[in-house]
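Residues per chain are reported as follows:
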Amino acid sequence: MDPVLYDSFDRLLTDISTPRVIRDIESGGATDTLWQQIAESGFADAMVAEEAGGAGLGLSDAFGLFFLCGRHALPVPLAQTMIARRVLALNGIDIPDGPIAISPLPVGHTEARIECRNIPFGSLAQFVIVPHGHAPSKGKDLLLPASAAACAATGVHGSQQAHLSWDLPDSGIVIEGAFPWLEVAAAITAAQMAGAMDTVLKTTVRYAGERSQFGRPIGKFQAIQQQLSVLAELATASRVGAELGCQPLASGATNVLAAAVAKARASEAAGTVVSIAHGVHAAMGITEEYDLQLYTRRLIEWRIDYGSAGYWNRRVGDAVLSTEAPSTLEFMLPAFFADIAPR
Amino acid sequence: MIEPLSLTSIPPHAEALRPAVRDFVRTYTSRVPLEQRAHSWMGFDADFSRALAKRGWVGVTLPKAYGGAGLDAFSRFVLIEELLGNSTPVAAHWIADRQSGPLILKFGTEAQKDFYLPRICRAEAFFCIGMSEPQSGSDLASVRTRATKTGSGWKLNGQKIWTTNAHRSHYMIALVRTSGSSEDRHKGLSQMIVDLSAPGVRVRQIRDLTGDAHFNEVFFEDVELGEDALVGAEGSGWDQVTAELAFERSGPERFYSAISLFDVWLAYLREHHSADAWARELAGRIVTHLAVLRAMSVAVTEQLARGNSPVLEAALVKDLGTELEQYIPFAISEELGRHPGHHVPDGLLRALAYVTQICPTYSLRGGTREILRGMVARGLGLR
């Protein structure tokens, strides 16, 4: 992606998404100031078409921005809002102000009621995209105001997820154009996971260099070095996989199978990444005061948001087993690689 | 610090090579059972290598003046991806193509290039690499095999071990000590080309647990070498060996080694409609990992094509890639064993047994897991 854009977004988040701000918002503080700063920066419209007043970035161009949202544990759904604003603008819908969350598939969907559980950032979103479940919305996705929902906290410490349900949800705006919300949400979550892993890696390497036992920094012990190498490998694989998941098909449509790869790889890696980071930090990493937990709690949550590794691997496996291609190689190349643009 | 690997694609000029290679490979794969192909790049077939050479596909990165095709790292990636992705027997020319040819091109004299490179490209000169010794494995700098100066060249004494395909190769490029002792470590090491038919060279095969004999002990007793046996500068052996490693560690051979077993298992599942949810998830997991590894490998290839030496990034790809290669046979046997009543064909079972037995070598050859992770740790600034 454009390095100037990437660096300026990195600097912005360094300034506004500080550990203090993250802790404040996680404990129920208002998001208004943070969101105002984001709105003024213009990044919420990074993916809105240029003719509609945005920067017109595609999913692939915006990968670095999603990555940075994760690296800075940004406590508002900016990545999701960027996607939502792009799709709403494409559908000629007036874009509302404020953070927009993307719900996983609703657990209940009738004429009278829509029930969504564990919506990432559901506790603070002002609007929610609800991908269609079954008949009542006639296969259409909805944009629903959070203010019209019954909102229940999950009760998980520090989590920004919430359960939301809407009675008589006809107040929602129908999004006519079909869009693979679940797959795109999975891909951008994978990118944020890779970003969070990057911070976890840097934090853990730094700690291993500072903490001394037996008369030398613990990072000098081979046992610790091997663990950190695995962490670095997994963070790298997750990042490359997430970037792969953000590559559209030549038609411009989302490559849903690549998105599946991205989320499966990052979700599988996250468990080991978290475990190594906490293992190296020992008790210090578990404290509220130390920043590691801001990232590892998110990784733990994100690895099952929008489907775990098992769900997405199964999707890829179904495609592999139903392919006519005579070999795995001939399946993989067109499925994942044919449409990647040269650098 | 390790540079982030950025996704990139294979440029069109390199992709243009793929259809012809694929056609060529199909004529081979149509007559060789998959079971046999499970040997992947350890499969040795001199006729296959010479047929490839006739097409101009051995030594493709070497300049045309030396019989090569003058193609770049991306083109070689496409070529070997098709060869390995379809499990063809490339072992005969593999080392010469991947390492010895490029090494001679980079460090060799004009006479060495004129002599060896055209022979490599015609698949007439097969090479092996003499690195390990009985007392030097991961601690490669401790090698003791010694070349001493004579009036007309060098006299070689010592022993190499675990030398893959030495018994079927024409030449070895050996890392030997030309000055100092093993306490001098990286100093005083040089690379020598040894004609394996020379008097004083004795090759003894070592049988492996699968019943094959692919690696060897090689003994040198007063072997007379000419002055032109030395490759590159005397005493620069260590640096030259290190430069080779990025080529050795990041390619498709680090994640496609078990692909024919995976393909034959998928074919079995499809044919018998016997893929339950667990098997589907497993098949997906393997493809998910392969796709990411391939993307990483292409990213490393891009750095090679630009003339960089991404040694750390290559180590990282190899460690992850061999982990998957070793996971595949164990996961497949677990899956097959979940259905005791099913009739599994012998060919699949033999391929499975072979890969399961041999796969520990995947993370030994080209640097052990622990050595690679040590390199990554160095890249992280920990060492």
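Keep in mind it's a predicted model, so treat the numbers as computed, not measured.

1. Focus on the overall build of chain B
Within chain B, the secondary structure is distributed over 13 helices and eight strands. Within chain B, the proportion of its 383 residues that are buried is 51%. When contacts within chain B are restricted to residue pairs at least 6 apart in sequence, long-range pairs at least 24 apart make up 77% of them.

2. Overview of the pairing of strand 5 (residues 141-145) of chain A
Residue and element names in this part refer to chain A. A large share of strand 5 lies buried, amounting to four of its five residues. Pairing between strand 4 (residues 127-130) and strand 5: four bridges, direction antiparallel. Looking at the pairing, Phe127 lines up with Pro145 of strand 5. As paired elements, strand 5 and strand 8 (residues 173-175) share three bridges and run antiparallel to each other. Looking at the pairing, Leu143 lines up with Ile173 of strand 8.

3. Re the packing of helix 11 (residues 311-337) of chain B against helix 12 (residues 346-358) of chain B
All names here are of chain B. With their axes 8 Å apart at the nearest point, helix 11 and helix 12 run at an angle of 135° to one another. When the interaxial angle is binned, helix 11 and helix 12 end up oblique. As helix 11 packs across helix 12, the resulting crossing turns out to be left-handed. Residue-level contacts link Pro329, Phe330, Ile332 and Ser333 of helix 11 to Leu352, Val355 and Thr356 of helix 12. Class assignment of the residues belonging to the contact of helix 11 with helix 12 gives a composition of five nonpolar, two polar and no charged.

4. Re the sheet that holds strand 4 of chain A
Residue and element names in this part refer to chain A. Strands sit in the order 1-4-5-8 across an open sheet of four strands; the sheet is mixed. Each having just a single partner strand, strand 1 (100-102) and strand 8 make up the two edges of the open sheet. In this sheet, adjacent strand axes meet at a mean angle of 25° when their direction is disregarded. Strands in contact with helix 5 (residues 78-90) are strand 1, strand 4, strand 5 and strand 8; relative to strand 1, the strand with the most contacts, it is inclined by about 95°.

5. So, the domain arrangement of chain A
Note on interface size: it is often stated as the accessible area lost on association of the parts. All names here are of chain A. For chain A, the domain assignment lists domain 1 (3-90), domain 2 (104-175) and domain 3 (181-337). Computed from C-alpha atoms alone, the centre-to-centre distance between domain 1 and domain 3 is 21 Å. Across the contact, 16 residues belong to domain 1 and 20 residues belong to domain 3. Looking at the side of domain 1 that touches domain 3, the elements with two or more residues in it are helix 2 (19-26), helix 4 (59-71) and helix 5. A per-element tally of the side of domain 1 that touches domain 3 places helix 4 first, with nine residues.

6. A word on the nonpolar core
Counting residues in each nonpolar core, the largest one holds 233 residues, and the members touching the most others are Val261 and Val273 of chain A together with Met192, Val194 and Leu261 of chain B. With 17 residues, the top contributor of residues to this core is helix 6 (residues 181-210) of chain A. The contact partners of Val261 of chain A, leaving out residues within four places of it in the chain, are Gly241, Leu244, Gly245, Val316 and Phe336 of chain A together with Thr288, Ala291 and Val292 of chain B.

7. Here's the deal with the domain arrangement of chain B
Residue and element names in this part refer to chain B. As assigned here, chain B comprises domain 1 (12-126), domain 2 (128-235) and domain 3 (240-379). Centre-to-centre, using C-alpha coordinates, domain 1 lies 21 Å away from domain 3. Of the residues lining the interface, 21 residues belong to domain 1; the matching set on domain 3 comes to 23 residues. The set of elements that each furnish at least two residues to the side of domain 1 that touches domain 3 consists of helix 3 (34-37), helix 5 (73-85) and helix 6 (91-107). Here the residues of the side of domain 1 that touches domain 3 sort into 12 nonpolar, four polar and five charged.

8. A few points about the pairing of strand 3 (residues 113-119) of chain A
Residues and elements named next belong to chain A. Both strand 2 (residues 108-109) and strand 3 contribute to a ladder of two bridges, which runs antiparallel. By the bridge assignment for strand 3, Gly108 is matched with Glu115. Connecting the antiparallel pair strand 2 and strand 3 is a turn made up of three residues.

9. Quick word on the environment of Gly137 of chain B
All names here are of chain B. Within the element layout of this structure, Gly137 appears in the loop between strand 1 (127-130) and strand 2 (146-149). Exposure remark for Gly137: the 15 C-beta atoms within 10 Å place this residue in the partly exposed category. The spacing of Gly137 and Ile161 is 24 residues in sequence and 9.2 Å in space, taken between C-alpha atoms.

10. Side note on the interface of chain A and chain B
Contacts between the two partners involve 39 residues from chain A, matched on the other side by 46 residues from chain B. Elements with a minimum of two residues in the side of chain A that touches chain B: helix 6, helix 7 (222-245), helix 8 (256-281), helix 10 (309-321) and helix 11 (328-337) of chain A. The residue makeup of the side of chain A that touches chain B, split by class, is 20 nonpolar, 11 polar and eight charged.

11. With respect to the packing of helix 6 of chain A against helix 7 of chain A
Residues and elements named next belong to chain A. As a packed pair, helix 6 and helix 7 sit with axes 8 Å apart at the nearest point and diverge in direction by 160°. Judged by the angle between their axes, helix 6 and helix 7 are roughly antiparallel. The two elements helix 6 and helix 7 cross, and the hand of that crossing is left-handed. On the side of helix 6, the interface is formed by Ala187, Ala190, Ala191, Met193, Ala194, Met197, Asp198, Leu201, Thr204, Val205 and Ala208, while helix 7 contributes Ile224, Leu228, Leu231, Ala232, Leu234, Ala235, Ser238, Arg239, Gly241, Ala242 and Gly245. Partitioned by chemical class, the residues of the contact of helix 6 with helix 7 number 16 nonpolar, four polar and two charged.

Quick notes on the rules
- Residues numbered from 1 in each chain as written.
- Chains lettered and ligands numbered in written order.
- Predicted model: local features only at pLDDT ≥ 70, side-chain atom pairs only at ≥ 80, totals over all residues.
- Helix = DSSP H or I, 4+ residues; strand = E, 2+ residues; numbered from the N terminus.
- Buried ≥ 20, exposed ≤ 12 C-beta atoms within 10 Å, placed from the backbone.
- Contact = placed C-beta atoms within 7 Å.
- Pairing = 2+ DSSP bridges.
- Axes fitted to C-alpha atoms, helices over the stretch in contact; angles between N-to-C directions.
- Parallel < 35°, antiparallel > 145°, perpendicular 65-115°, else oblique.
- Left-handed = near helix turned anticlockwise from the far one by under 90°.
- Nonpolar A, V, L, I, M, F, W, Y, C, P; charged D, E, K, R; others polar.
- Domains from an automatic or database assignment.
- Core = buried A, V, L, I, M, F, W, Y, C linked by C-beta atoms within 7 Å.

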